[in-house]
Amino acid sequence: MKAFFSRLRERIGRLTFTALFPLYCTMTFWAVYPAWSGVIRVDQNPTRWTISTGHSTYQVILAADKNLVSGYFGPLSGERLFEAPDYNEPRETGTVLREIPYRGGFVEMTPALEVVFPDKNRELELEYTGYEISENEGYPVLRLDMKDIFYPFQVSQYIRVIPDLDLYEKWLVLKNTGKEDILVEEAASGSLLLPPGSYDLLHLSGDWGREFFPRRTMLTSGLKSIFIRGLKSQQHAPFFMVRPAGETDENFGPVWFGAIAWNGNWRIDCEVNRMERTQVSAGINFWDTHWVLAGKSEFRTPKLIFGLSIEGSNGASRNMHRYLLDQVMPRPFSGQVSKVLYNSWYATTFQVDEEGQVALARIARDLGVELFVMDDGWFRGRKDDEAGLGDWTPDPVKFPRGLGPLIEKVNELGMDFGLWVEPEMVNPNSDLYRAHPDWALHTPHRTAHEGRNQLILNFAREDVKRYTLEWLDKLLTENKIRFIKWDMNRHASETGWPEENPLKQREMRIRYAQNLDEILRTLRARHPEVVFESCSSGGGRVNPDILSLTDQVWTSDNTDPGDRLQIQYGFSYAFPAKAMVNWVTDDEWHNKTTSLKFKFHVAMAGNLGVGGDLNKWTAQDKATAREMISLYKSIRHIIQLGDQYRLRDPFSGNRMAVQFVTRDKSESAVFAFQTLETLPMAAKSSSESDRLVLHGLDPNSMYVLEGDTDNEETTGAALMAGGISVPLSGNYASKVIVLKEKK
Ligand code: DGJ
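Residues numbered from 1 in each chain as written. Predicted model: local features only at pLDDT ≥ 70, side-chain atom pairs only at ≥ 80, totals over all residues. Heavy atoms only, no water.

*Asks:* Would you mind showing me how to read the sheet that holds strand S31 (residues 580–584) here?
*Replies:* Hydrogen bonds between backbone groups are what pair the strands of a sheet, and the pairing can be parallel or antiparallel. Strand order in the closed barrel made by the eight strands is S23-S24-S25-S28-S29-S30-S31-S32, with parallel pairing throughout. If you compare each strand with its neighbour and ignore which way they point, the axes differ by 30° on average. Taken together, the four bridges between strand S28 (residues 483–486) and strand S29 (residues 531–534) define a ladder with parallel strand orientation. By the bridge assignment for S29, Ile484 is matched with Phe532. Helix-sheet contacts for helix H8 (residues 462–478) involve strand S25 (416–421), S28 and S29, and the interaxial angle to S25 is about 160°. (Pairing = 2+ DSSP bridges. Helix = DSSP H or I, 4+ residues; strand = E, 2+ residues; numbered from the N terminus. Axes fitted to C-alpha atoms, helices over the stretch in contact; angles between N-to-C directions. Contact = heavy atoms within 4.5 Å.)

Put into structure tokens, the structure is as follows:
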């Protein structure tokens with residue numbers, strides 16, 4: 001029977017449930033696909049789709065009333081799974097836990113879908129119509145189709161499965177098959193129903209200068225939402241981890257996790273309903289927003305990425321990291337180590353000119369820097385933050401000969417040249433604004449609030465999109481620029497678009513995000529040699545969407561090494577070290593002085609950069625920098641492309657430690673830090689054990705230990721059972737230990 005279906009599948013290319021329904025309505029079979037045999041199984045009586053990854057199972061069931069019901073999403077389960085869901089219960093009882101929760105009938109869950117039909121009917125009534133299993137870039141995709149029982153409206157839910165990472169992508173495609181507009185008031189990317197039980201939520205929150213702080217809260221009856229409203233925000237990153245209440249182990253136990261890939265306003269809702277069932281739904285934040293689904297058109301939601309790790313939150317993070325590195329971040333750079341960069345911002349702020357930048361570049365090169373980036377201040381009229389944004393040609397006073405001579409000198413020194421831009425913004429004091437005041441977001445009769453003296457360009461407008469693409473394309477075509485730092489420094493206010501009809505005005509936030517993506521995608525296609533860094537006053541816009549279009553992100557404007565230990569630790573929950581740019585600067589935020597070596601060690605636990613005023617660095621400073629950069633170059637492949645294990649948490653003790661291991665387990669780097677004083681952002685306890693138990697090594701291999709350690713060689717088994725002693729004494733102490741498998 002299996003072979004029969006296999007042959008059938010080969011002949012017709014893919015299975016369509018509707019077409020084949022009569023053939024298999026009484027039997028159970030496996031949808032056999034050579035590449036992912038057994039990943040998606042389709043059973044009958046009742047009809048259910050069971051997706052199995054290495055360690056997780058996801059099941060959807062067709063209920064008797066033709067609704068799709070969330071069956072199970074949890075640790076890998078055997079043949080006849082699970083607590084029996086109410087898949088045969090009629091919807092009148094109101095207990096049906098819908099796979100695509102919608103507004104209509106009994107609404108027991110946070111709706112993922114809310115629409116208004118042309119006759120103003122606000123209720124949906126969906127029924128299942130068919131499914132399809134296909135392939136997308138080497139992974140299986142299950143599509144489940146539903147349609148309204150009366151109106152010309154169809155919904156398809158897609159689930160793409162990445163079995164080796166226990167990870168899934170989910171999104172919806174809405175179709176208006178009629179002629180008249182249907183108004184979409186809510187379209188989340190997906191909803192997840194957790195097995196019965198109580199759960200804790202971990203999410204990453206903060207503000208400017210203290211991004212990515214892990215916050216834990218118990219989910220109790222009701223709704224906990226995290227979201228942004230201002231197009232960007234440091235308040236939250238679009239990421240969640242949910243685990244059984246009270247269980248906090250980093251390395252063991254189930255953790256459900258996920259993220260939203262969206263560069264606009266997003267929302268993650270965790271609802272515990274009256275049946276004590278926990279639902280997580282996530283997608284675009286439709287606050288003050290809607291989408292007009294015109295006749296014969298489609299709307300595709302962004303992807304909800306989600307997964308289940310049985311290796312605690314460390315395991316969940318590692319799966320996210322591998323997913324982002326292998327599947328999301330742009331190639332070819334995602335598979336290569338990043339260059340050590342120098343950024344001029346903290347050294348010069350807006351006072352940039354050719355001579356000053358070349359002087360910095362010479363020193364940077366001598367230290368081992370490979371990429372020299374000129375930050376803000378280079379364009380017309382940019383003396384400070386009050387003018388210039390929008391006028392993207394070199395300032396004739398600072399760069400009378402243009403950027404060419406500076407770029408040439410940087411290249412002659414053997415470095416690539418990079419440049420800062422902030423394309424989404426305009427200063428009212430700029431020629432661009434004087435020519436096109438209507439290009440900025442604005443609302444009539446309302447104060448135009450400025451943030452850092454700037455307004456936001458309405459990227460939803462096609463003319464603004466064209467203009468932005470044109471000047472950036474020209475800049476990259478005419479200059480040998482190999483790196484762009486794309487900044488975005490304010491939240492949205494007065495988000496009006498009075499030139500458009502009121503219906504389209506409320507689409508602005510979605511169109512803005514779509515056009516931003518299109519601009520970046522087009523630029524990357526036209527200039528594949530350029531590396532992009534995303535910045536938003538630090539880490540104000542970090543998510544899988546921006547990471548699919550840029551190669552790295554500026555983590556935080558706070559470069560204080562003590563604070564940074566916490567920020568970087570939080571960042572690592574969701575995002576890989578390669579994406580996390582850290583500069584060594586002269587900045588200290590809390591009236592203290594830490595050694596340059598400590599600063600380097602902190603910054604080396606990610607994507608290393610230098611941002612201090614090198615003119616002021618002593619010969620000793622430069623020697624330290626040379627030594628550290630050279631060490632970093634020898635281990636950056638382990639940090640940037642390897643797996644990461646958080647060993648010590650800087651929030652609950654004096655120590656922070658993190659370990660990186662190459663995927664073949666042959667090399668590892670361990671970073672250990674001690675900060676004795678009570679940092680302003682966390683309560684510290686007394687001293688801790690010196691012993692670090694390592695992870696991810698080959699137990700049968702012998703490892704040679706180098707760097708800040710007296711140990712010489714030990715087996716992987718011993719390192720993972722007893723660990724190594726890493727004594728640290730004093731405040732702001734650090735050590736880096738490198739392990740290499742003995743051949
Ligand atoms: C904010 C960024 O976070 C900084 O790194 C710097 O680029 C400034 N903008 C420049 O205005």
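*Asks:* How do you make sense of the pattern of salt bridges when you look at a structure like this?
*Replies:* Side-chain pairs of opposite charge can arise where the charged atoms are in close proximity. Under the criterion given, the structure shown has 51 salt bridges. Across the pair Asp643 and Arg322 runs a salt bridge whose closest N-O atoms are separated by 2.7 Å. Taken together, the positions of Asp643 in strand S33 (residues 643–648) and Arg322 in helix H3 (residues 312–328) put the pair 321 residues apart, joining distant regions of the chain. What makes Asp643 buried here is its relative accessible area of 11%. Relative accessible area serves as the criterion here: at 24%, Arg322 is assigned to the partly exposed category. For Glu741, the salt bridge goes to Lys743, with nearest N and O atoms at 3.5 Å. Its relative accessible area of 22% is what places Glu741 among the partly exposed residues. The class of Lys743 is exposed, set by a relative accessible area of 85%. Salt bridges sharing partners connect three or more residues here, namely Arg103, Glu114, Arg122 and Glu185. (Salt bridge = Lys/Arg side-chain N within 4 Å of Asp/Glu carboxyl O. Buried < 20%, exposed > 50% of the residue type's maximum accessible area, 1.4 Å probe, protein only.)

*Asks:* Just checking my understanding: could you explain the site of the ligand for this structure?
*Replies:* Taken together, 14 residues form the shell around the ligand, and within it Asp375, Asp376, Lys485, Asp487 and Asp557 come nearest. One of the side-chain nitrogen or oxygen atoms of Asp376 is found 2.6 Å away from an oxygen atom of the ligand. Between the ligand and the protein, one listed contact pairs an oxygen atom with a side-chain N or O atom of Asp557 at 2.4 Å. Bound to the protein, the ligand loses 98% of the 290 Å² it would expose on its own. Looking at the shell around the ligand residue by residue, the classes come out as five nonpolar, three polar and six charged. (Near = heavy atom within 4 Å. Polar contact = N/O pair within 3.5 Å; in protein donor to acceptor, adjacent residues only side chain to side chain. Areas by Shrake-Rupley, 256 points an atom, 1.4 Å probe, with all protein chains shown as cover. Nonpolar A, V, L, I, M, F, W, Y, C, P; charged D, E, K, R; others polar.)

*Asks:* Which parts of the structure should I look at to understand the packing of helix H12 (residues 561–574) against helix H13 (residues 596–604)?
*Replies:* In helix packing, the relevant descriptors are the interaxial angle and the interaxial distance, both defined with respect to the helix axes. It is at 10 Å that the axes of H12 and H13 come closest, and there the two elements cross at 15°. It follows from the interaxial angle that H12 and H13 lie roughly parallel. Considering the relative orientation of H12 and H13, their crossing is left-handed. Residue-level contacts link Pro561, Gly562, Arg564, Leu565 and Gln568 of H12 to Phe598, Lys599 and Val602 of H13. (Parallel < 35°, antiparallel > 145°, perpendicular 65-115°, else oblique. Left-handed = near helix turned anticlockwise from the far one by under 90°.)

*Asks:* Sorry if this is basic, but what is going on with the nonpolar core here?
*Replies:* One broad trend across soluble globular proteins is that nonpolar side chains are buried collectively. Counting residues in each nonpolar core, the largest one holds 126 residues, and the members touching the most others are Trp378, Phe600 and Phe671. Considering every element that reaches this core, the biggest residue donor is helix H14 (residues 619–641), with seven residues. When neighbours within four sequence positions are excluded, Phe600 is seen to be in contact with Val584, Leu608, Val610, Trp617, Ala625, Met628 and Ile629. Ranked by size, the runner-up nonpolar core spans 62 residues in total, among them Ile100, Tyr102, Ile159 and Ile268. (Core = buried A, V, L, I, M, F, W, Y, C linked by side-chain atoms within 4.5 Å.)

*Asks:* Quick question: what am I supposed to make of the packing of aromatic side chains here?
*Replies:* What characterises a pair of aromatic rings is the spacing of the ring centres plus the angle enclosed by the ring planes. Taken as a whole, this structure holds 37 aromatic pairs when the rule is applied. With a centroid separation of 4.7 Å and an interplanar angle of 85°, the aromatic rings of Phe150 and Tyr151 are classed as edge-to-face. With a relative accessible area of 65%, Phe150 lands in the exposed category. On the accessibility criterion, Tyr151 (14% relative accessible area) is buried. Relative to Trp256, the ring of Tyr199 has its centre 5.4 Å away and its plane inclined at 85°; by these criteria the two rings are edge-to-face. (Phe/Tyr/Trp six-rings, centres within 6.5 Å; stacked < 30°, edge-to-face > 60°.)

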